[in-house]
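Examination of the molecular architecture
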Amino acid sequence: MSDSPRRDFWPLRTERLEIRPATADDLGAIWEYRRLPEVSRWLGPAPETREAFDELYLEPRRLATTLVIRRLTDDAVIGDIMLKVEDGWAQREVIEQARDVEAELGWSLAPEHTGQGYASEAVHSVIDACFGPLGLRRVHAGCFADNEPSWRLMERLGMRREEFSRKTALHRSGEWMDGMNYGLLAEEWPTNEAGPHEHSGK
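Residues numbered from 1 in each chain as written. Predicted model: local features only at pLDDT ≥ 70, side-chain atom pairs only at ≥ 80, totals over all residues. Heavy atoms only, no water.

Some details on the nonpolar core
Core analysis: the biggest nonpolar cluster contains 39 residues, and L83, L105, V126 and C130 have the highest contact counts within it. Elements with a minimum of two residues in this core: β2 (17-21), β3 (66-71), β4 (77-86), β5 (102-109), α5 (118-131), β6 (138-144), α6 (148-156) and β8 (176-185). Broken down by element, the residue count for this core peaks at 9 residues, all from α5. Apart from residues no more than four positions distant in its own chain, C130 is found in contact with L83, A103, L105, G135, L136 and V139. Listed in part, the 11 residues of the second largest apolar core include A22, W31, V77 and A110. (Core = buried A, V, L, I, M, F, W, Y, C linked by side-chain atoms within 4.5 Å. Buried < 20%, exposed > 50% of the residue type's maximum accessible area, 1.4 Å probe, protein only. Helix = DSSP H or I, 4+ residues; strand = E, 2+ residues; numbered from the N terminus. Contact = heavy atoms within 4.5 Å.)

Structure below.
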């Protein structure tokens, strides 16, 4: 498992956005929205101080799997995407053929920039890269079932709901919550530039 995606084709550009690998200099902008309760509520790690946040995100493997979403009109960092390249499951005899063939995706967006299609636009572009230059066969993503904007985004992008699990995820609030997992195969992804859906919503 490599974790880090190839970096020779970045940045990605859309009509309004640039998506590129994060650097240490981006952490201040990312912290500004990730520290907000309405954002951190749904995130896996949610450090409570900037120092703890930097310590976590400066870890080489985590930084290598973090992309930033930059708005072209003002160079503002408005969100981030996790792109973690992984091995697929395989039986021992064919395990080498399953190396680095899929990716886990995750994302967060500054609240003031939701509802304008930025997340759809950015994640669509990253999926294009997964099935294009990265040559992957599958992408997947998961979320708490109560995080409706996240799973609505996955469905708008054409991802397939593969699991709805009852009370399998322990939230930091102490509540066991339902979980949802979505997947998408390369052969299910349209190759036209316009993509499968308009860039609308969160």
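So much for the structure itself; the text now carries on.
Topic: α6
Among the residues making up α6, those that are buried are S150, W151, L153 and M154. Each buried residue of α6 lies within a common arc of 150° when the element is viewed along its axis, so the set occupies one face. At its buried positions, α6 is contacted by β5, α5, β6, β7 (160-170) and β8. (Arc of directions from axis to C-beta.)

Overview of the environment of G142
Looking at where G142 falls in the secondary structure, it is placed in strand β6. Expressed as a C-alpha distance, the spacing of G142 and M180, which sit 38 residues apart in the sequence, is 5.5 Å. Sequence-distant contacts of G142, that is, excluding residues within four places in its chain, are made with M154, M180 and N181.

As for the pattern of salt bridges
A full pass over the atoms with the stated rule returns 19 salt bridges. Residues R70 and E18 are paired through a salt bridge, measuring 3.0 Å at the closest nitrogen-oxygen approach. Of this pair, R70 sits in strand β3 while E18 sits in strand β2, and the two are 52 residues apart along the sequence. When salt bridges that share partners are traced, they join R13, E18, R20, D26, R70 and D75 into one network. (Salt bridge = Lys/Arg side-chain N within 4 Å of Asp/Glu carboxyl O.)

Some points on the sheet that holds β6
Spatial ordering of the open sheet is given by β1-β2-β3-β4-β5-β6-β8-β7, a layout of 8 strands whose pairing is mixed. Here the strands that pair on one side only, and so sit at the sheet edges, are β1 (12-13) and β7. Inspection of the sheet shows β5 paired to β6 by 3 bridges, in the parallel sense. Counterpart to E104 in the pairing with β6 is H140. Contacts between helix α1 (residues 27-34) and the sheet are confined to β3, β4 and β5, with β4 contributing the most and set at about 100° to the helix. Sheet contacts for α5: β1, β2, β3, β4, β5, β6 and β8; angle to β5, the most-contacted strand, approximately 165°. (Pairing = 2+ DSSP bridges. Axes fitted to C-alpha atoms, helices over the stretch in contact; angles between N-to-C directions.)

A short note on the confidence of the model for the protein
Put simply, the protein has an average pLDDT of 92, and 91% of its residues get 70 or more. Taken as a whole, residues 192-202 scores under 50 in pLDDT and shows 30 contacts with residues more than four places along the chain or in a different chain. (pLDDT = per-residue confidence, 0-100.)

Considerations on the environment of M82
Position of M82 relative to the elements: it lies in strand β4. For M82, a relative accessible area of 22% gives the class partly exposed. Considered as a pair, M82 and A98 are 16 residues apart in the sequence and their alpha carbons are 21 Å apart. Residues within four places of M82 in sequence aside, it is in contact with T65, E104, L105 and G106.

Observations regarding the layout of surface pockets
Approximately 1200 Å³ is the volume attributed to the largest pocket. Lining the largest pocket are 46 residues, with W42, L43, G106, W107 and N147 sitting closest to its centre. Top contributing element to the lining of the largest pocket by residue count: β5, with 6 residues. The residue inventory of the lining of the largest pocket, partitioned by class, reads 22 nonpolar, 12 polar and 12 charged. (1 Å grid on protein atoms, 1.4 Å probe; cavity = no way out; pocket = protein on both sides within 12 Å on 5 of 7 lines; lining within 4 Å. Points joined across faces, edges and corners; volume = space filled by probe spheres on them. Nonpolar A, V, L, I, M, F, W, Y, C, P; charged D, E, K, R; others polar.)

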